[in-house]
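Residue strings, one per chain:
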Amino acid sequence: MIHPKEHYFNLFQVDTPVLERLVQAALSSGGSYCDLFFENTTYGSLLLRDGAVTSGGNHIDYGVGVRVLSGEKTGYAYSESMAWEDMLSCARAASQIADKPVDVSPYGTRNPSRGEPNPAADRYPVVQHWRGTPLSAFLPFLQKLEQAVRQRDTRIVKVIANLAFQVTDVLMYNSARELKWDTRPMGSVSLTAVFQQNGQSENKSTSRSFRQGAEMLSDSLIEEMAMELVHGIDDRFAARRPKGGSMPVVMGAGASGILLHEAMGHAFEADFNRKGTSIFADKMGRKICPDGIQIIDDGTLAGNRGALNFDDEGIPGQKTYMVEDGVLTSYLHDRISAAHYGVRPTGNGRRESFRYAPLPRMRATYMESGSAKASDLIAEVQKGIFVNEFSNGQVQIGEGDFTFYVKSGYLIENGRLTQPVKDINIIGNGPQALADIRGVADDLAVDPGAWTCGKEQSVPVSCGIPTVLISGLTVGGE
Amino acid sequence: MSSNKIAAILTQAEIDLAQHCLTFAQEEGAQKVRITLSKSLMNLIGLLNGEVDKTAHALDRSLQLQLFVDGRYGAFSTNKLEKEGLETFIREAIDTVKMLQADTCRDLPAPERVAKDARTGRELGLFDPAYDQLTAEGRRELALASCHFKASSAHSGDSRGISLLAEEGEYSDSVFDTLTIDSQGLYARHTETSFEIGYETTVEDARGNHFSSYWWDAAPLLQDLRWKECAAIAYKRAMEQVGPQEIEGGKYTVVVDTECASKLLTPVLNALGGFSLQQKNSFLVDSLGKQLFPEKLTILDLPRAAGETGSRLFDSEGVATREMSIVDKGVVKTYFLNTYMAAKMEMEPTIEDAIRVKVLPTGGHKTLEDLLKAAGDCILITGFNGGNSNPATGNFSYGIEGFLVKDGKKVHPVRELLITGNFLQLWGKLLATADDARPCLSKLIPSLAFTNVDISA
């Protein structure tokens, strides 16, 4: 819910003249640009363990970050106090990056769009506010969630259910006199169970995370999560490690979007390209994957974990096509990289909190549907693997080598899913994997899980993909 | 100038405020309370290709509050440290705890278990008294002096057509001061400084392939920071990555460089943690006292070594640390149980986590080179790329990079490989260790050699 401007001024004990004086102090040594990022975040959490909600708490984080740019160089400092002396000290620390005026400005500062008002579209409207609702109101949700899981499978020996929410107020001001404000909700539920069968243990987890209010804690969410948690547990017990090696991989719709995040998304973040380290640094405008493929990073999906009204530089949230018809058409930009490349920022300047300077970061990254059927893609593979559940991934930006960890999947033998597999890592090279996409199904799904990207800082993201067939990736095995 | 001028050092007024919060919470209805007050200061200089690219200055503070109210428990924190606001925060926190379900296992540690020798925070000698003499200009000079960009640029462009793409570096120094007090008389303080430097270098071969590597160092005292050679080592390591060749998958002897060896031990330590054990989400359930590892493996916790990175006199509950065996000649000797987990498992509490782990060398091999000679033909793992493990089964699969080794000598780099197995089985195939753990690491794990490991390529 976006409040009137005065709400944020009161919260941070500032007004426009104070903001302007602070910016002037930060630019007193020179520099080309300054921005201020005020944040007030309240967190709440509840943990159910061993059948009872016996742990919970609230946390407050409050402060202001001051960034000074001198060309492409960054000075950053923050204060956890809004006392004028503390903010001034912080501004002076940030100003040390500059020792003279610099005639290179980040995007938007030469022809500023005076940022008021905020956008008409609120991408995360709230029905039931997290703040002001006592934690005790959420206890029944966790208890019902545990019951719903346990009644579905008698092999469950332990259940942990966690509810975490946060509401973040931000106020942004910069040397172009742009003023933006926003309030961002986020609710996350995670569920883990340990199953035992014939002396063997297996664990399984699932999560949901949305920029929504407490209305997300519905009975339908309980049913959905409980069903998902127990689904496939028989296969998990029966799963084996496959024989490792290079083979075709069919990636199921939804969470397989981690492929896009790791294999190409990071390499499209413009800071890596500005520094020349990304494997995609010289591929703008070039064909990088087959015809007909669109890859998008999107901040406009209402309620999505990666949705933003504004990014953390005050640039409106937007939908960015990185790949159109197989051609690399855009990196993901913050103000610095946009100025470097002479393009408009794409609204990807994000930060974990006021403690960090913004960097180009993904939001919701996905590939548009193709025309194939998922079953046909599987049927094409004589000997390969189908994967659909993941825990984490990583990429080496320079080399383009990416990996992701597969919690579960199946062997594909003669076009059919056969033996369940689990706990294997898959490794590949980003440009090669893109070029090796052999088919895209018509079943795009954006995964609703609590994905977090950890590039220097942690920010919430999401990912999605239709079922795709890649002709060769290296699969770990015995 | 006195070190009291450092903004991250807790002032007496702030300590008094924490004491006030402790008393106030009890007055408002909490039977037991623990408070941790922390401050930290960090200065950072980032470098790109021999020039300052960014600076950062960070001053943090927080007050964490753990409340035990009517048999219920809650954890709270805030960085708003004004007295009136804190009182409101505490009052609301107590109301919140009262809404939770009761848990009789929650309690403060017994007074006889907590540290009584951490009064000043300086007992371990981890605070550099020279810290307050650092200036912005001095930091900048040190950071710039650590660059190797010009020398690396001059060296690149060799006959193989390799060029230097980027040299990114970061110098940072920090002060951390924390005080933990509780309503049973605990008063434990830890103060340390830390100096770190790290470089990542990326080079490009004639075909446009990129190769990168890094090097870093850290020390509690500036005089011990090995900053001069850091960038040059990162460049050398990046150059060594050029020209990887494919190898066949199969069973290999592997040697894991000390720099990344913790990847294979940390999941074992996690599996001995009370949280995993109590939830039966551990492959080491019911392992206490059992010989699950080879006799040549002994793992110690040495948390009280003065002046050493990672040393601590107490854990987050204030419980006094002590030297102890984690694994002794292959036998599991301890679980990591805090007060809560011990009560839930009806066992004696120990310490909540391993603090400063040391894997004892198996003897006979001092350096990585010695170990490679002993291994003969093998794969040297110098880095992991992603992957994970299953805590319930101990199965793992990680991406790796490194070198193919013949007769103890590196032949060529390898990458895009995967190592897959099970931790218990892997450690059962431990061949030997070197004795080369770097002192800047808080986990002192030397280079490790294992036989008969599955590698996918």
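Residues numbered from 1 in each chain as written. Chains lettered and ligands numbered in written order. Predicted model: local features only at pLDDT ≥ 70, side-chain atom pairs only at ≥ 80, totals over all residues.

**Quick look at the sheet that holds strand S8 (residues 299-301) of chain B**
Residues and elements named next belong to chain B.
- Read across the sheet, 4 strands follow the order S10-S9-S8-S11 without closing on themselves; strand pairing throughout is antiparallel. The open sheet has two free edges, formed respectively by strand S10 (331-332) and strand S11 (357-359), since each of these has just one partner strand.
- Here strand S9 (residues 324-328) runs beside S10; their pairing, made up of 2 bridges, is antiparallel. Across the sheet, the residue bridging to aspartate 328 is valine 331, located in S10. (Pairing = 2+ DSSP bridges. Helix = DSSP H or I, 4+ residues; strand = E, 2+ residues; numbered from the N terminus.)

**Brief notes about the domain arrangement of chain B**
All names here are of chain B.
- The domains assigned to chain B are domain 1 (3-240) and domain 2 (250-456).
- At the junction of the two partners, domain 1 supplies 24 residues and domain 2 supplies 18 residues.
- Take the side of domain 1 that touches domain 2: its biggest share by element is 3 residues, from strand S6 (residues 210-219).
- For the side of domain 1 that touches domain 2, the per-class residue count stands at 13 nonpolar, 3 polar and 8 charged. (Domains from an automatic or database assignment. Contact = placed C-beta atoms within 7 Å. Nonpolar A, V, L, I, M, F, W, Y, C, P; charged D, E, K, R; others polar.)

**Regarding the pairing of strand S2 (residues 51-69) of chain B**
- Across the 19 residues of S2(B), 14 count as buried, placing the element largely inside the fold.
- When strand S3 (residues 73-79) of chain A meets S2(B), the two strands line up parallel, connected through 4 bridges. When the sheet's bridge partners are listed, A:Gly75 is paired in S2(B) with B:Thr55.
- By the bridge criterion, 17 bridges tie strand S1 (residues 32-48) of chain B to S2(B) in an arrangement that is antiparallel. Residue pairing in the sheet places B:Thr36 in a bridge with B:Gln64 of S2(B).
- If you look at the hairpin formed by S1(B) and S2(B), you'll find 2 residues sitting between the two strands, and B:Asn49 has a positive phi there, around 50°.
- Direction of pairing for S2(B) relative to strand S3 (residues 72-78) of chain B: antiparallel, over a ladder of 7 bridges. Each bridged residue has a counterpart across the sheet, and for B:Gln64 the counterpart in S3(B) is B:Ser77.
- In this structure, the hairpin formed by S2(B) and S3(B) is closed by a connection of 2 residues, where B:Asp70 is found at a positive phi of approximately 50°. (Buried ≥ 20, exposed ≤ 12 C-beta atoms within 10 Å, placed from the backbone.)

**Describing the interface of chain B and chain A**
- Contacts between the two partners involve 54 residues from chain B, matched on the other side by 61 residues from chain A.
- For the side of chain B that touches chain A, the element with the most residues is S2(B), which contributes 9 residues.
- When its residues are assigned to classes, the side of chain B that touches chain A shows 19 nonpolar, 25 polar and 10 charged.
- Both strand S2 (residues 52-70) of chain A and S3(B) contribute to a ladder of 2 bridges, which runs parallel. Across the sheet, A:Ile60 pairs through a bridge with B:Thr78, a residue of S3(B).

**Comments concerning the packing of helix H4 (residues 139-150) of chain A against helix H5 (residues 219-230) of chain A**
All names here are of chain A.
- Packing of H4 against H5 brings their axes to within 9 Å, and their N-to-C directions diverge by 40°. Regarding the angle of H4 to H5, the classification is oblique. The two elements H4 and H5 cross, and the hand of that crossing is right-handed. Between H4 and H5, the residues in contact are Lys144, Leu145, Ala148 and Val149 and Ile222, Glu223, Met225, Ala226, Leu229 and Val230, respectively. (Axes fitted to C-alpha atoms, helices over the stretch in contact; angles between N-to-C directions. Parallel < 35°, antiparallel > 145°, perpendicular 65-115°, else oblique. Left-handed = near helix turned anticlockwise from the far one by under 90°.)

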